[in-house]
Every structure is written in structure tokens, then in C-alpha cells.
Amino acid sequence: MNPAIKKTISILIVAGLVAVAIYGSILPYRKSGAFIEAMRRLNSAKSLDEFKTIMSRPLEMTSPIGQDELVRNLASVVTNLVERNGQGRPEFVASVIEYLQGYYDPIISYGKGPSFSQNLYVLGILNEIAFLQTQDKAYLAAAKNYFSRGHELGPRRPQFLYGLFDVYRAEGDTQKAVEIANQILTYWPNDTQIKSLLGGTPPQR
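Residues numbered from 1 in each chain as written. Predicted model: local features only at pLDDT ≥ 70, side-chain atom pairs only at ≥ 80, totals over all residues. Heavy atoms only, no water.

Our focus in this paragraph is the layout of surface pockets. Its volume calculated, the largest pocket comes out at about 350 Å³. Taken together, 14 residues line the largest pocket, and the ones lying closest to its centre are Leu42, Ala45, Phe51, Leu81 and Asn85. Sorting the residues of the lining of the largest pocket by element identifies helix 2 (48-59) and helix 3 (67-85) as the ones contributing at least two each. Sorting elements by how many residues they give to the lining of the largest pocket places helix 3 first, with five residues. Residues belonging to the lining of the largest pocket are distributed by class as follows: seven nonpolar, four polar and three charged. (1 Å grid on protein atoms, 1.4 Å probe; cavity = no way out; pocket = protein on both sides within 12 Å on 5 of 7 lines; lining within 4 Å. Points joined across faces, edges and corners; volume = space filled by probe spheres on them. Helix = DSSP H or I, 4+ residues; strand = E, 2+ residues; numbered from the N terminus. Nonpolar A, V, L, I, M, F, W, Y, C, P; charged D, E, K, R; others polar.)

So, on to helix 4 (residues 90-110). In a regular helix each residue adds 1.5 Å, so 21 residues correspond to 30 Å; helix 4 covers 29 Å between its end C-alpha atoms and thus fits that length. Along helix 4, the helix axis deviates most sharply at Tyr104, where the bend reaches about 45°; the proline Pro106 sits within four residues downstream. Packed against the buried residues of helix 4 are helix 2, helix 3, helix 5 (116-134) and helix 6 (137-153). Among the residues trailing helix 4, Gly111 stands out with phi positive, at a value near 75°. (Expected span 1.5 Å × (residues − 1). Bend = angle between axes of the 7 residues up to and from the residue. Contact = heavy atoms within 4.5 Å.)

What follows is about the packing of aromatic side chains. One pass over the full model with this rule turns up five aromatic pairs. Ring geometry for Tyr99 versus Tyr103: centroids 5.5 Å apart, planes at 80°, classification edge-to-face. Taken as a pair, Tyr99 and Tyr103 lie in helix 4 at a separation of four residues, close to a single helical turn. Side by side, Tyr99 and Tyr103 carry an identical accessibility label, which is buried. Between Tyr121 and Phe147, the aromatic rings sit 6.2 Å apart at their centres with planes inclined by 45°, giving tilted as the arrangement. (Phe/Tyr/Trp six-rings, centres within 6.5 Å; stacked < 30°, edge-to-face > 60°. Buried < 20%, exposed > 50% of the residue type's maximum accessible area, 1.4 Å probe, protein only.)

Relative orientation of the contacting elements helix 3 and helix 4 amounts to 165°, with a least axis distance of 10 Å. When the axis of helix 3 is compared with that of helix 4, the two are roughly antiparallel. Pair helix 3 / helix 4 crosses with left-handed handedness. Taking contact as the criterion, the partners of Gln67, Asp68, Val71, Arg72, Leu74, Ala75, Val78, Leu81, Val82 and Asn85 in helix 3 are, on helix 4, Phe92, Val93, Val96, Ile97, Tyr99, Leu100, Tyr103, Tyr104 and Ile107. When grouped by side-chain class, the residues that make up the contact of helix 3 with helix 4 number 15 nonpolar, two polar and two charged. (Axes fitted to C-alpha atoms, helices over the stretch in contact; angles between N-to-C directions. Parallel < 35°, antiparallel > 145°, perpendicular 65-115°, else oblique. Left-handed = near helix turned anticlockwise from the far one by under 90°.)

So, about the pattern of salt bridges. Across all of its chains, the model carries four salt bridges by this definition. Asp68 is the partner of Arg72 in a salt bridge, and the nearest nitrogen-oxygen pair spans 2.4 Å. Of this pair, Arg72 and Asp68 both sit in helix 3, separated by four residues, roughly a single helical turn. Since its relative accessible area comes to 12%, Arg72 is described here as buried. Note that Lys176 and Glu179 form a salt bridge whose closest N and O atoms lie 3.8 Å from each other. Of this pair, Lys176 and Glu179 are both found in helix 8 (residues 174-187), three residues apart, which corresponds to roughly one turn of the helix. (Salt bridge = Lys/Arg side-chain N within 4 Å of Asp/Glu carboxyl O.)

Structure below.
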């Protein structure tokens, strides 16, 4: 083989290996490091706009992996914000949830992945809390949607059964709440809290 060609091939191989190392290892490391630093800086945020600016930097960084996990961590932060600061502040709640959805919508639209069910549950809980803080039934409907999708994927997963039970009770849909409670007690007959909420009535078979 021509020495010049061999040299060119060697250079391309080395360049390819460097690119793989950067894309597969260095970029995820930088992204996660930037997210950790953003979490440290949150206490310095004086406004919601500052909060968004701080958190957006790592979330906008290019990386082949890690976005799903970081967005889920952001959801935990947003849930805490809504729970602690959302009472009687519907505009604040709407703004911070809209910000999160901008990152979560592509993940949910993709519709699969090892953490997809967990993502549905996280969003269901967030919207349930948003409803409790604002009494806006749109959040309750969103929570119901996420819990229902999760229940379809895993009919026996307790997170979604308990989530749906809470939603149906909040909606005042006694029949559906009883149906879900009966499912829960079929799988976990010793759940005394569910029994007490049903007035001690055993599951119907």
C-alpha cells in the first residue's frame, strides 16, 4: 500500500477514536458536571428567570447520553418548587411546569426507554401536586393521563394504581376509585390505609 495512503488511513482512524472518546465519554462527563454545578448555584437564584438560566446551561449541552436522567432530576427540583412555593400562585406554577415540559416533551413523545415508566410517574406526581396547589383541574387531567399511560404499561405497578386512586378521589368519581382500590387490595390485601378509605369494605371479586 502507498505510504501516503497508509498515513492518511492512520490519521483518520486516530481522529475517529478521538471523536468517539469525546462524544461517548467526555461530553456526558462535562454535561453531568455542569448540572451538578448548576444545582449548587440554585440558592443564588433570585428569580424564576435566573433559575431557568442556571438550569438551562447543562440541559442544552450536547451529549449522547444523560439528558433523560438530568431532565428527571430537574423534574424533582420543579416538583419541590411547586410544592413549597406554588400555593395560590397559579402563574408561577404554570411557568415552571411549562419550562420543564419544554425538556420533557421530546422524551415523552419518544415513548420508550428503560426509564419511560418512571418519567410518566414523575410527571403524574408533579401535576397532582400542581392541582393541589392551584385547584386547576387541567393539572388533575394531566396527572390522570400520565398515571393511566403508566398503568397500561404496568397494570400491577403500585405507583400508578395509587396515583389513579388519588386522582379519581379528587375528581369525585367514587365508582372508579373503588375499582382501583379493589385492584390494589387484590394485590396487597394488607393495605390498611386503602381499607380505611373504603370504610373497611373488602375487595369485590
